[in-house]
Amino acid sequence: MKQLLSGNEAIARGAYEAGISVCSAYPGTPSTEILENIAQYKGEMYAEWAPNEKVAAEVAYGAAVAGSRALCAMKIVGLNVAADPFFTAGYMGVKGAYIVVSADDPSCHSSQNEQDNRHYARAAKVACIEPSDSQECKDFVALAADISEQFDTPVLFRVTTRVCHSKSLVELGERTEHAPATPYARDTRKYICAPANAYLNHPLVEERLRKLTEYGNTTAVELGLNKVELAGSKIGVISAGIAYQYAKEAFPEGTSFLKLGLTYPLPDKLIREFASKVEKLYVVEELDGFMEDQIKAMGIPCTGKELIGNMYELNAQLVRERVFGIKNPTKTPDAAPAKRPPALCPGCPHRGFFYTLAQNKNYVVTGDIGCYTLGFAAPLSCMDVCICMGGGFTTGMGMSKAFAAQGITDKVIFGCMGDSTFFHSGITGAAEIIYNNGRLIPVVLDNRITGMTGHQENPGTGFTLQGDPAPMLSVENTLTALGFAPVFVVDPQDLSAMKKAADDAVTALNSGAHPAIVTKRPCLLVKRYKFRPSMCSVDPDKCRSCKKCLKVGCPAIAIEGGKARIDRTQCVGCTVCAQVCPFGAISKEEN
Amino acid sequence: MSDVKSVILVGVGGQGAILISKIMTSGLIQAGLDVKQSEVHGMAQRGGSVSTQVRWGKKVYGPVFGEGEADILVALEKMEALRYAKFLKPDGVAIINDYQMHSMSTATGAEEYPADPIGAMKKCFSTIVVDAAKIAMDLGNPRCMNVVLFGAMCDSLGADGIDWEKVVAATVPQKAVDINIKAFRAGREAAKA
């Protein structure tokens, strides 16, 4: 019986069936559930959370060099982190299959830009495969593994949010165990990236692309990876990925389709032949005109981006509207909704940290990627810069050098990031501060979990992805070992202690020391810490409607009827609001 | 014309829209239909506005749809009904939980919570209103609010011949079957009122 699987669940199943045995990833939306689902096949597949995507790509590559089939997975921007090994793996090739899953995020649902990672396949000159539903997610992993081994290439397995997080029906198969064809043997010509070897590899890479192109024209069609669906000669559509589903729905009956699963290199003869059979050719793809630009460069007239646009997600209605000018009727109610942006949860340990720093207008906060990015939002409004994972310390470093050059002395910079981000790429930034004498205070917001992506283990949590106990790496000991002193460890929910730690760190910084702060309190959603919720309530007789409690930015507090009111379904009794109330109107209820 | 039906479930991260879509898709698959469902994870889950789309029919292509394409809109929070109203067909049905949750901007007073979101929806669409929070509370478990709402919507799906009670029982956790069946029945009755 078919099962309803998300694309991510289907990729995991595909890895299992394809006999892949080593998998590594760093969590990142929309890719996270791939490794979470692979983890359930413990015993048959090794699955791990790596500290970052570059590590994940290298671990999987090492496994492929050793002859096993391997997969790594990452979100859209994760491939930027992993780009270094990804490119050179393209030159060196593999022994066992090497699949790099890139989960792109059109419309930026959970990402900091909208890059189209198919360009990476072209830049690295490796094969790119794009499934368009869950069944293909599963089936194409096995095809990708075969292509990787047959053509000695990494395969970029490119999916998007709507492929990853949409569920559709999948017919499951059995696992085929995969053993290396030959025993492992050292091969320095192939696996040492010395310049002399790299020079010799480039012609092999170009030859590989020619062979892959021919494969796309022929074998890929036989295997159903590339599909020709001839229905009529008036309109033809070339499409791939989720855009194919939208085009199938939007274009009229009688439209012919060339659906590509192998989108780099493009099958030139197949495209020419298809184009010759239709009067009008469209190319429908999300984001950039990746296929369209190449098809136009082949001298084939086609229409795509000029109508469809190169920004944001598509859907069938948008394709219909932009290609055929057909818009659905809609009705607009005469009341407008207020904005509802995401916010730090009630009881979030990060709230006390940001509230404390927000009280001093001379504090500059360089932030990072995680739940705590939400510290930028009103009313906390406590962040100046946030660019990428691990950038919290180092952007602050650059600002400190610029402020020094400009003679600015009254600003104090706090560079902050979470524990998982610290292990991801914060440690190198911390070394930078010590080595190049940065005038800033690094802060690790240590909540003992990878929060935003939905609670994944990391080197600080004490467990591996597959549930085995692991050493708990200490953030404070790592900072101390790098040369930070004093290192303040503080409960951010205790506002007076938090303020004292910040004040003492500033004093130490001004005396020429390298202080650091670790705010320590587990995310209350982490089950293993058995958080016992309680409740705060407002005494309306004492409330003077000053609205100071609203400044902590807690979703559980609002002003109703002129007085502060705490929503009993949301409050967990963290008392941060009670600590800021000047009139003692908020108190924690006795259980 | 395609036989595909589309539903959009909207609410606030953490309200339990995922369980509703799980019950719905289980029943539809058992009825032999092609089903696709799409949801959003990550950043938006932290108390933000969230939506889930479910589509079914003989053959479904896109897992998501655009404006003016939903047959049914189900709002677990009433202001969210307004936000996603544009997805509803003009002759579509809105099923709204009479339940209000502040957003950060209405809590701080930066914006007003709309005075009568349900009234505004009623002027445009055929609308079913259920106080699912109160019904769930009266049954003794506020957390089964989502199943009350599923009960309220199931007869609007037009998917006849599915024994939804059986599907609910098979989808919710074993120890919570009784309370969820009660919640389902109460919601179904409330929608007929």
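The structure we're discussing is the one just above.
What counts and what doesn't
- Residues numbered from 1 in each chain as written.
- Chains lettered and ligands numbered in written order.
- Predicted model: local features only at pLDDT ≥ 70, side-chain atom pairs only at ≥ 80, totals over all residues.
- Heavy atoms only, no water.
- Helix = DSSP H or I, 4+ residues; strand = E, 2+ residues; numbered from the N terminus.
- Buried < 20%, exposed > 50% of the residue type's maximum accessible area, 1.4 Å probe, protein only.
- Contact = heavy atoms within 4.5 Å.
- Areas by Shrake-Rupley, 256 points an atom, 1.4 Å probe, with all protein chains shown as cover.
- Lys, Arg positive; Asp, Glu negative; His and termini not counted.
- Charge placed at Lys NZ, Arg CZ, Asp CG, Glu CD.
- Salt bridge = Lys/Arg side-chain N within 4 Å of Asp/Glu carboxyl O.
- Phe/Tyr/Trp six-rings, centres within 6.5 Å; stacked < 30°, edge-to-face > 60°.
- Lys NZ or Arg CZ within 6 Å of the ring centre and 35° of its normal.
- Polar contact = N/O pair within 3.5 Å; in protein donor to acceptor, adjacent residues only side chain to side chain.
- Buried area = accessible area lost by both parts, 1.4 Å probe.
- Pairing = 2+ DSSP bridges.
- Axes fitted to C-alpha atoms, helices over the stretch in contact; angles between N-to-C directions.
- Parallel < 35°, antiparallel > 145°, perpendicular 65-115°, else oblique.
- Left-handed = near helix turned anticlockwise from the far one by under 90°.
- Nonpolar A, V, L, I, M, F, W, Y, C, P; charged D, E, K, R; others polar.

Chemist: Got a minute to help me understand the overall build of chain A in this structure?
Modeler: For chain A, the count of helices and strands is 22 helices and 22 strands. Summarising its shape, the C-alpha atoms of chain A cover approximately 80 × 65 × 55 Å along the three principal directions. Counting all 591 residues of chain A, 59% fall into the buried class. Long-range contacts, defined as pairs at least 24 residues apart, comprise 75% of the intrachain contacts of chain A with a sequence gap of at least 6. Surface summary for chain A: the accessible area is close to 23,200 Å², and the carbon and sulfur share equals 55%. Treating the 60 positive side-chain charges of chain A as one cloud and the 62 negative ones as another, the clouds have centres 5 Å apart.

Chemist: Is there a simple way to explain the pattern of salt bridges in this structure?
Modeler: Opposite charge on two side chains permits pairing when their charged atoms draw close. Residue and element names in this part refer to chain A. This model, assessed by the stated rule, comprises 46 salt bridges over all chains. Here Asp 116 and Arg 118 are joined by a salt bridge, their closest N and O atoms 2.8 Å apart. No difference in accessibility class separates Asp 116 from Arg 118, as the two residues are buried. In this structure, Arg 175 and Glu 177 form a salt bridge, with 2.8 Å as the shortest nitrogen-oxygen distance. Look at the salt bridges and you will find they share partners, linking Asp 104, Asp 116, Arg 118, Glu 130, Arg 158 and Glu 285 into a network.

Chemist: Looking at this structure, I do not really get the packing of aromatic side chains. What am I missing?
Modeler: All names here are of chain A. This model, assessed by the stated rule, comprises 18 aromatic pairs over all chains. Ring geometry for Phe 86 versus Phe 87: centroids 6.1 Å apart, planes at 85 degrees, classification edge-to-face. For Phe 86, a relative accessible area of 1% gives the class buried. Look at Phe 251 and Phe 324: their rings are 5.1 Å apart centre to centre, the planes differ by 75 degrees, and that puts the pair in the edge-to-face class. Taken together, the residues span a long stretch of sequence, with Phe 251 in the loop between α12 (241–250) and β11 (256–260) and Phe 324 in helix α16 (residues 316–324) at a distance of 73 residues. For Phe 251, a relative accessible area of 5% translates into the label buried. Assessed through its relative accessible area of 30%, Phe 324 is described here as partly exposed. Here a set of aromatic residues connected by ring pairs shows up, and it is made of Phe 86, Phe 87 and Tyr 120. We note Lys 259 situated over the ring of Tyr 244; from NZ or CZ to the ring centre the distance is 5.4 Å.

Chemist: Even after reading the chapter, I still don't get the environment of Val 147 of chain B, so can you show me in this structure?
Modeler: All names here are of chain B. One can find Val 147 in helix α6 (residues 145–154). On the basis of relative accessible area, Val 147 is assigned to the buried category, the value being 1%. A sequence separation of 33 residues divides Val 147 from Asn 180, and the C-alpha atoms of the two residues are 6.4 Å apart. Leave out the neighbours within four places in its chain, and Val 147 touches Leu 19, Ile 23, Val 168, Asn 180, Ala 183 and Phe 184.

Chemist: Sorry, what's going on with the side chain of Gln 456 of chain A here?
Modeler: Residue and element names in this part refer to chain A. Note that Gln 456 resides in the loop between β16 (441–446) and α20 (475–482). Within polar-contact distance, the side chain of Gln 456 engages the side chain of Glu 36 at 2.7 Å. Excluding residues within four positions of it along the chain, Gln 456 makes contact with Pro 27, Thr 32, Glu 36, Trp 49, Ile 449 and Thr 450.

Chemist: Explain the interface of chain B and chain A to me, please; I cannot follow it from the model alone.
Modeler: Counting residues at the interface gives 54 residues for chain B and 56 residues for chain A. Between chain B and chain A, roughly 4,800 Å² of surface is buried when both sides are summed, and carbon and sulfur atoms account for 59% of that area. Along the contact surface separating chain B from chain A lie 6 salt bridges. Taken together, the connections running from chain B to chain A amount to 20 residue pairs in polar contact (both at pLDDT 80 or more).

Chemist: Can you walk me through the side chain of Glu 69 of chain B in this structure?
Modeler: One can find Glu 69 of chain B in the loop between β3 (49–57) and β4 (70–75). What makes Glu 69 of chain B buried here is its relative accessible area of 11%. The contact partners of Glu 69 of chain B, leaving out residues within four places of it in the chain, are Gln 317, Arg 320 and Asn 328 of chain A together with Ser 6, Phe 87 and Lys 89 of chain B.

Chemist: Sorry, what's going on with the sheet that holds strand β14 (residues 363–366) of chain A here?
Modeler: Backbone hydrogen bonds are what pair the strands of a sheet, in a parallel or an antiparallel way. Residue and element names in this part refer to chain A. The 5 strands lie next to each other as β14-β15-β16-β18-β17, forming an open sheet whose pairing is parallel. In this open sheet, the two strands that pair with only one neighbour each are β14 and β17 (487–490). Along the sheet, successive strands turn relative to each other by an average axial angle of 20 degrees, direction set aside. Pairing of β16 with strand β18 (residues 516–520) involves 4 bridges; the strand directions are parallel. Residue pairing across strands places Leu 445 opposite Thr 519, the latter belonging to β18. Strand contacts of helix α19 (residues 419–435): β15 (412–418) and β16, with the helix running at about 145 degrees to β15, the strand carrying the most contacts.

Chemist: How do you make sense of the sheet that holds strand β1 (residues 5–12) of chain B when you look at a structure like this?
Modeler: Read from one edge of the open sheet, 8 strands run β1(A)-β8(A)-β2(B)-β3(B)-β1(B)-β4(B)-β5(B)-β6(B), paired in mixed fashion. In the strand order of this sheet, the two ends are held by β1 (3–6) of chain A together with β6 (126–130) of chain B, each with one partner. With strand direction ignored, the average angle separating the axes of adjacent strands in the sheet is 20 degrees.

Chemist: Sorry if this is basic, but what is going on with unusual backbone geometry here?
Modeler: Across residues other than glycine, the phi torsion is negative in most instances, and most of the peptide bonds are trans. All names here are of chain A. The omega angle of the peptide bond from Tyr 264 to Pro 265 is -10 degrees, so this bond is cis rather than trans. Positionally, Pro 265 belongs in the loop between β12 (262–264) and α13 (268–276). In this chain, Ala 485 is followed by Pro 486 through a cis amide linkage whose omega measures -5 degrees. Structurally, Pro 486 is set in the loop between α20 and β17.

Chemist: I would appreciate a short explanation of helix α4 (residues 117–124) of chain B in the present structure.
Modeler: Counting along an α-helix, one turn takes 3.6 residues, and residues three or four places apart therefore face a common direction. Residue and element names in this part refer to chain B. Among the 8 residues of α4, 6 are classified as buried, and the element is accordingly described as predominantly covered. Among the residues of α4, those classed as buried are Pro 117, Ile 118, Gly 119, Ala 120, Met 121 and Cys 124. Of the surrounding elements, those touching the buried residues of α4 are α2 (78–83), β5 (88–97) and β6.

Chemist: So what exactly am I meant to see when it comes to the packing of helix α5 (residues 132–139) of chain B against α6 of chain B here?
Modeler: Between two packed helices, the angle of one axis relative to the other and the distance separating the axes together describe the packing. All names here are of chain B. Between α5 and α6, the least distance of the axes is 8 Å, while the angle of their chain directions is 120 degrees. Considering their axes alone, α5 and α6 lie oblique with respect to each other. Viewed along their axes, α5 and α6 form a crossing whose handedness is right-handed. Taken together, the residues of α6 that come into contact with α5 (itself represented by Ala 132, Ala 133, Ile 135 and Ala 136) are Met 145, Val 148 and Leu 149. When the residues that make up the contact of α5 with α6 are grouped by side-chain class, the tally is 7 nonpolar, no polar and no charged.

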